[in-house]
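Structure assessment
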Amino acid sequence: MTTPIRILIVEDDPSLRELLTAALSREGWEVMAAADANAGEKAAEWFHPDAAVLDIRLGEGPDGLTLARRLRQRSDLPFLFLTDAAAVEDRLAGFESGADDYLAKPFVLAELVARLRVVLRRRAKAAAEVIEVGPLKIDESGRRVFVDGQPVELTRIEFELLTALARQAGRVASKAQLLSTVWGFEGYDQNLVEVHVSSLRRKLGRQSSVIQTLRGVGYVLRSS
């Protein structure tokens, strides 16, 4: 018997929490809901979810961003943020904390389900392939990156972005292509790609030049 997909919801609005639980349960998923960050963190420890839906603003106690960082320290659990805020700065804060996706309230339940499916497919797609481009070595199954033989710690999105570029090394990838491949949605502000490329370059250190910018076109990963 196949184990059902497990989804953790952390939402302080009881009506929305109940609505999300019912909607995701109808997809055949096993759902666990928590009202605050502390309860959500405890639930993640024993429920072992495959993905999480986190509200950024959780009333009293730690917010969703803090919870996301705590979860990221323990696992590569993919998660999607919900928030009332629509500003680019809030989306960037969410992605910088390691989020896989972002949905602003009010939203359509069908879109939430669709985005969750993208997040889950992206996680399941990790292959046992090792990609090497110049000084870079990417172990997809182990989700590890090495530069000149030394491990480099990346967020989930940074790893997906570097892997997307490495899979087509030597060929240019537009920002729209990267948004579609990495985030699963082309409609985001393309500045998101710039922010994560800049972060990647910082972490690659002296080998940052392997990611080259073609102004007005996109990015390309070259071995030298």
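Keep in mind it's a predicted model, so treat the numbers as computed, not measured. (Residues numbered from 1 in each chain as written. Predicted model: local features only at pLDDT ≥ 70, side-chain atom pairs only at ≥ 80, totals over all residues. Heavy atoms only, no water.)

**As for the pairing of strand E4 (residues 79-83)**
Heads up, the rule is: Classification of residues uses two cut-offs on accessible area relative to the type maximum, computed with a 1.4 Å probe and protein chains only: under 20% is buried, over 50% is exposed, and between them is partly exposed. In this text, helices come from DSSP runs of H or I with a minimum length of four residues, and strands from runs of E with a minimum of two, each type numbered from the N-terminal end. Orient the strands so they point away from the viewer, and a crossover whose first-strand-to-second-strand path over the helix runs clockwise is right-handed. The pairing criterion is simple: DSSP has to find at least two bridges between the two strands.
Taken across its five residues, E4 has five buried, putting it largely inside the fold. Neither face of E4 is open: one carries Phe79, Phe81 and Thr83, the other Leu80 and Leu82, and all of them are buried. Each parallel crossover has a hand, and for strand E3 (residues 51-55) linked through helix H3 (residues 64-74) to E4 it is right-handed. Note that E4 and strand E5 (residues 101-104) share four bridges and pair parallel. Along E5, the bridge assignment pairs Leu82 with Leu103.

**A short note on the nonpolar core**
Defined as follows: The term nonpolar core refers to a set of buried residues drawn from Ala, Val, Leu, Ile, Met, Phe, Trp, Tyr and Cys, joined through side-chain atoms within 4.5 Å. The contact criterion used is simple: two residues touch if any of their non-hydrogen atoms lie within 4.5 Å.
With 29 residues, the main nonpolar core has Leu162, Leu178, Ile211 and Leu221 as its most contacted residues. Going through the elements one at a time, strand E6 (130-133), strand E7 (136-139), strand E8 (144-147), helix H6 (156-167), helix H7 (175-183), helix H8 (191-204) and strand E11 (218-221) are the ones with two or more residues in this core. The element that contributes the greatest number of residues to this core is H6, accounting for seven residues. Non-local contacts of Leu178, meaning those with residues more than four positions away in its chain, are made with Leu161, Ala164, Leu165, Ala173, Trp183, Val193 and Tyr219. Counting residues in each nonpolar core, the second largest holds 19 residues, with Val10, Ala34, Ala43 and Ala99 among its members.

**With respect to the sheet that holds E6**
Our working definition: Angles run from 0 to 180 degrees between N-to-C directions of axes, and those axes are lines fitted to C-alpha atoms, restricted for helices to the stretch in contact.
The strand order E6-E7-E8-E9 describes an open sheet built from four strands, whose pairing is antiparallel. Edge positions in the open sheet fall to E6 and strand E9 (150-152), since each of these has one partner strand only. Averaged over all neighbouring strand pairs, the angle between strand axes comes to 25°, with direction disregarded. Relative to the sheet, H6 contacts E6, E7 and E8, its axis offset from that of E7 by approximately 110°.

**Things to note about the layout of surface pockets**
Convention followed: A cavity, in this analysis, means grid points on a 1 Å lattice covering only the protein atoms where a 1.4 Å probe fits yet has no way out; a pocket is instead an open set bounded by protein on both sides within 12 Å along at least five of seven lines, and a residue lines either one if it has an atom within 4 Å of a point. Grid points are joined across faces, edges and corners, and a volume is the space filled by probe spheres set on the points. Here the nonpolar group is Ala, Val, Leu, Ile, Met, Phe, Trp, Tyr, Cys and Pro; Asp, Glu, Lys and Arg are the charged ones; every other residue, Gly included, is treated as polar.
Estimates place the volume of the largest pocket at around 340 Å³. What lines the largest pocket is a set of 15 residues, and nearest its centre among them are Arg143, Glu153, Leu154, Thr155 and Arg156. For the lining of the largest pocket, the secondary structure elements donating two or more residues are E8, E9 and H6. Sorting elements by how many residues they give to the lining of the largest pocket places E8 first, with three residues. The residue makeup of the lining of the largest pocket, split by class, is six nonpolar, two polar and seven charged. One number sums up the size of the second largest pocket: a volume of about 200 Å³. As for the second largest pocket, its lining consists of 11 residues, of which Ala44, Glu45, Pro49, Ser75 and Leu77 are closest to the centre. Of all elements in the fold, only helix H2 (37-47) and H3 reach the threshold of two or more residues within the lining of the second largest pocket.

So yeah, pure geometry; function would need other evidence.
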